[in-house]
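Structural overview for review
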Number of protein chains: 2
Amino acid sequence: MSKYAIGVDFGTESGRAVLVRVEDGKEIASEVYSYSNGVIDDKLPESGVKLGHEWALQDPDDYIRTLSHTIPAVIKQSGVDPADVIGIAIDFTACTMLPVDKSGKPLCTLPKFRKNPHAWVKLWKHHAAQPEADKLNETARKRGEDFLERYGGKISSEWFFPKAWQILDEAPEVYNAAARLMEAADWVILQLTGNERRNSCTAGYKAIWEKATGYPSKDFFKALDPRLENIVAEKLSTDIYPLGVKAGGLTPEMAKLTGLTEGTAVAVANVDAHVAVPATTVTGTGKMVMIMGTSICHMVCGTEKKIVPGMCGVVEDGILPGLFGFEAGQSAVGDIFAWFTKNCVPESYETEAREKGISVHELLEQKASAQLPGQHGLLALDWWNGNRSVLVDTDLSGVILGMTLQTRPEEIYRAIIEATAFGTRKIIDTFVECGVAVDEIYCCGGLPERNRMLMQIYSDVTGRQMRISASAQTPALGSAMHGAVAAGKAAGGYDTITEAAERMAHLRDEMYSPILENQEVYQKIFTEYDTLHDYFGRGDNDVMKRLKRIKAEQAEKGKKGKK
Amino acid sequence: MSKYAIGVDFGTESGRAVLVRVEDGKEIASEVYSYSNGVIDDKLPESGVKLGHEWALQDPDDYIRTLSHTIPAVIKQSGVDPADVIGIAIDFTACTMLPVDKSGKPLCTLPKFRKNPHAWVKLWKHHAAQPEADKLNETARKRGEDFLERYGGKISSEWFFPKAWQILDEAPEVYNAAARLMEAADWVILQLTGNERRNSCTAGYKAIWEKATGYPSKDFFKALDPRLENIVAEKLSTDIYPLGVKAGGLTPEMAKLTGLTEGTAVAVANVDAHVAVPATTVTGTGKMVMIMGTSICHMVCGTEKKIVPGMCGVVEDGILPGLFGFEAGQSAVGDIFAWFTKNCVPESYETEAREKGISVHELLEQKASAQLPGQHGLLALDWWNGNRSVLVDTDLSGVILGMTLQTRPEEIYRAIIEATAFGTRKIIDTFVECGVAVDEIYCCGGLPERNRMLMQIYSDVTGRQMRISASAQTPALGSAMHGAVAAGKAAGGYDTITEAAERMAHLRDEMYSPILENQEVYQKIFTEYDTLHDYFGRGDNDVMKRLKRIKAEQAEKGKKGKK
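So, a few notes on the structure that sits alongside this text.

Each value, and the rule that gives it
- Residues numbered from 1 in each chain as written.
- Chains lettered and ligands numbered in written order.
- Predicted model: local features only at pLDDT ≥ 70, side-chain atom pairs only at ≥ 80, totals over all residues.
- Heavy atoms only, no water.
- Least-squares fit on C-alpha atoms with pLDDT ≥ 70 in both.
- Contact = heavy atoms within 4.5 Å.
- Buried area = accessible area lost by both parts, 1.4 Å probe.
- Salt bridge = Lys/Arg side-chain N within 4 Å of Asp/Glu carboxyl O.
- Polar contact = N/O pair within 3.5 Å; in protein donor to acceptor, adjacent residues only side chain to side chain.
- Helix = DSSP H or I, 4+ residues; strand = E, 2+ residues; numbered from the N terminus.
- Nonpolar A, V, L, I, M, F, W, Y, C, P; charged D, E, K, R; others polar.
- Pairing = 2+ DSSP bridges.
- Axes fitted to C-alpha atoms, helices over the stretch in contact; angles between N-to-C directions.

With that settled, the discussion passes to the relation of the copies chain B and chain A. Between the two copies of the chain lies a relationship made up of a rotation around an axis and a movement along it. Of the transformation superimposing chain B on chain A, the axial component is 0.0 Å and the angular component is 180 degrees, with the fit at an RMSD of 0.0 Å. Such a combination of turn and shift is consistent with a two-fold rotation axis. Here 100% of the interface residues in chain B have copies in chain A that are interface residues too; the copies meet face to matching face.

Written out as structure tokens, the structure is:
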């Protein structure tokens, strides 16, 4: 009799459950729930309380509704006996965090705090804690805190402590009322199992925790703000569990809500990006996994801790148990292509695409594919949304160079794609220079599925073979795999994620290999990219920052002028 | 009884005659003739002989047809008695040159040479003499020829001697059969008057002639090619006449052809750009005239010869008699805006423009005008067609810097306009640094008429008042003014171009003055432009040249691959 596992992927706008056959990873059924309150970035639900600039919240009830809607749906679709579902696991956006009371109830669900924005879930892309992040980084630098180098020299405003500190700064009553500050991922596990079992991935990548030394010192937190001195003891937990570990069994209430059997194994939570690694078949070192979509997340594991400039983080047990997981990223990739097609493609191309019955992206790819590398004479820097790795600088901006009066839209499109490939190459080179091997590349996400030219360019630019995950819902599959591991072999699952990956994860047959003559041309152009990368990115010419300053000043003046 | 003068402006695609009242410059009638053979860049008329890459020819018969079509037409339209037309003058594109026989007949009109491309008129934009230009420049540099610095350090492949040398190199039979090699401008004057009276403007700006020292030495020409040693004596003439001088009276044949009176005063020829200077009211020093269209030509006069890096030329009597005329230029301006609207404006904007019943340019201007300077955070280098002044480098290319995911098309459009203004500012600054005063700016051409935002940006960026010619056909008006001067006061005209300009040339009422707070912001952004100008343009980073080399190599490989 086949056994099954369920993975639930909590995204930014919706949650998705996938029911997977344990023996071979076959995805039997899947269901999506669109959060009824979506991303809350204008005003609170019900009360209509207005939110500030750069705020982004979520409603924790949407997570429960995801469970109650999608799990019964996949059971029903598949016709599987709930008793044959041996494990369940989830993955989440991160850092997405919330304050809860002693019983684990989100403060925003209490009438007292319902109208207080700080009582709600702060979504990963809540950017209003920048002042706290700036102060945190300054203090850490001054004190020479070792942890900074594990995170490319900078703690992001998206991460746990800036967000926690913002609550304390702006709503101390919420901070004080919070028995716990939790990653939403860990909070859902608490709901499912009744156990607070925080996972090593969010702790490591988002909350400055490491296995060997734990969280930053009390002294450090005190230096930030005396009220934060005991934040770890008072609001967090030092019990951190590696991925794939069982967090507990499904509670009776949750069994009822989901239609699953009470006591079904539940794994500790994971992060959506990191859980995709084993789902792309990767369980060892030297194999980089790239999640390629609006942005790119690069993950690779090694056996030793290495300090790599500009990476997002290195965390022991952070991606695969027993290994050091390294993460880096490009803050805009598909987003730049979308910007281009929205803002820079002429009407005649739209008409041509309609006549051919293809998308504008496809038309541009067709036209751009007709050229050899370098034939457009263009070079771009892929910094439309700043540079995450290796420069860690949100104030950088995009460049296109080499235009003539003959330059065509598809040529600029190709140059932008190449620029993002050069950005990835720069990240890979930096890893390799620092002793982290990157031998092959495994891809998942939306871009690899439909962009053959892009994939070939990435292979040519990086000089590496590129393989693609067979699953279109890699994070949910990865979660299901972790559910099977939490259940264990005895229950019909697996004892390790490596075993689970061997059976449940698959690659597409197609693969991209570097073409020697393209590689040679791209090597020359990458050298040019690298020179401009350092010229504009490392302080030789800070024109981008100065232009952004003028832009901000003039926008301010423009606003005043209109009043 | 009013007197009249006729100016004929020979352009690239057509010729235009304007009949002007001498007392006040009122333009009474005008008529255009589109050359029946247009620009000949693919194959010769009649024979169909194929032309090489970068060739551009014209048919001299088109010039005669222009005279026979347009002059009778303006006489007829105006109802003016031909006896009251006291003078006629022409202006021409340059260097546009042709080989003629002893009787002044173009060699291409002789059956023997009809099928030989080198016997036809080489149009200004014939670029196939680049190898000759390269050799000429190299030889001049090696020999330390003084004349180089009068032309920004480089003789263009568009100019007289590279074109003449190409004829010798590739068709010595044509070269040997040519009794004269002439500017088409001077050839038309020869046709009108029977006199070979070459003008100082084309001689100075296009044929390395200067009043004080004449042409380059025989030694120099011999060093180029022994057969060229006596080119000046054999094929040119050392009789050079300043502008406004009477070349002669209309011949009986030409009187018959045009319907004018035999003996009507004909001025020596002029160049289309330079003749616009007095037509824009400028007859003295410190006032820069800018012809703003697909490109910009900058002209200013001074009392002393100065060497200005990267200018196109300094010629005594070259623009106004008695003054040193300085010329500089930007090789693409309106062309870049046209490139942008053709290649980079999304369908939604085209739709919006149609709905509003305005052009896309107007829509972009409307949207871009809503912002303050610097509010887009962008910076561009205006080198889509290389940089004519002050870098004199056709291998440079365009740059746009500062894009974010929020950047809109109108912002890039504005940044490109600003880049061309910064290019003009750089030229002005260079003149001023070298002791050539530029106090005010006078504009004519297509751009100033319809681009208010552009004009204000130029005024803000240059910190100078911008005035605009009242005439929409400034070169033809300028020619008519020279016709009136050739006739002289006694005949009802004027004795000097200054007197003619005082009466016949007019400005629009509208004027653009710099706005202090805009100027301050643009000063900051210009500093950034200047830094990148030197970084990419003066050898710090020759990435543009290297990309063009890769582009050429790959285009070649692409062609072979397709065979």
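Now that the structure is up, let's keep going.
Moving on, we get to the interface of chain B and chain A. Each partner contributes residues to the interface: chain B has 61 residues there, and chain A has 61 residues. Across the chain B/chain A interface, buried area totals approximately 5,000 Å², and carbon plus sulfur atoms make up 60% of it. Taken together, the links from chain B to chain A amount to 6 salt bridges. Taking the shortest distance from any N to any O, the salt bridge between Arg546(B) and Glu528(A) comes out at 2.4 Å. Viewed at the interface, chain A and chain B are joined by 19 residue pairs in polar contact (both at pLDDT 80 or more). Of all elements in the fold, only α11 (334–343), α12 (347–356), β19 (398–403), α14 (409–433), α19 (516–537) and α20 (543–562) of chain B reach the threshold of two or more residues within the side of chain B that touches chain A. Residues of the side of chain B that touches chain A, tallied by class, amount to 30 nonpolar, 16 polar and 15 charged. Examined bridge by bridge, strand β19 (residues 398–403) of chain A and β19(B) share 5 bridges and lie antiparallel to one another. Its bridge partner lying in β19(B), Val399(A) is registered against Leu401(B).

Attention shifts here to the pattern of salt bridges. Inspection of the entire model under this criterion finds 64 salt bridges over all chains. Salt bridges here are not isolated pairs; linked through shared partners, they connect Lys135(A), Asp169(A), Asp225(A) and Arg227(A).

The next point concerns the sheet that holds strand β21 (residues 466–469) of chain B. All names here are of chain B. Strands sit in the order β16-β17-β15-β14-β20-β21-β22 across an open sheet of 7 strands; the sheet is mixed. The open sheet terminates on both sides in strands that have one partner only, identified here as β16 (313–316) and β22 (507–512). This sheet shows a mean twist of 25 degrees between the axes of neighbouring strands, independent of strand direction. With 4 bridges connecting them, strand β14 (residues 287–292) and strand β15 (residues 296–302) associate as antiparallel partners. Bridge pairing in β15 links Val289 to Met299. Packing of α14 onto the sheet brings it into contact with β14, β15, β17 (324–330) and β20 (440–444), and relative to β17 it is tilted by some 150 degrees.

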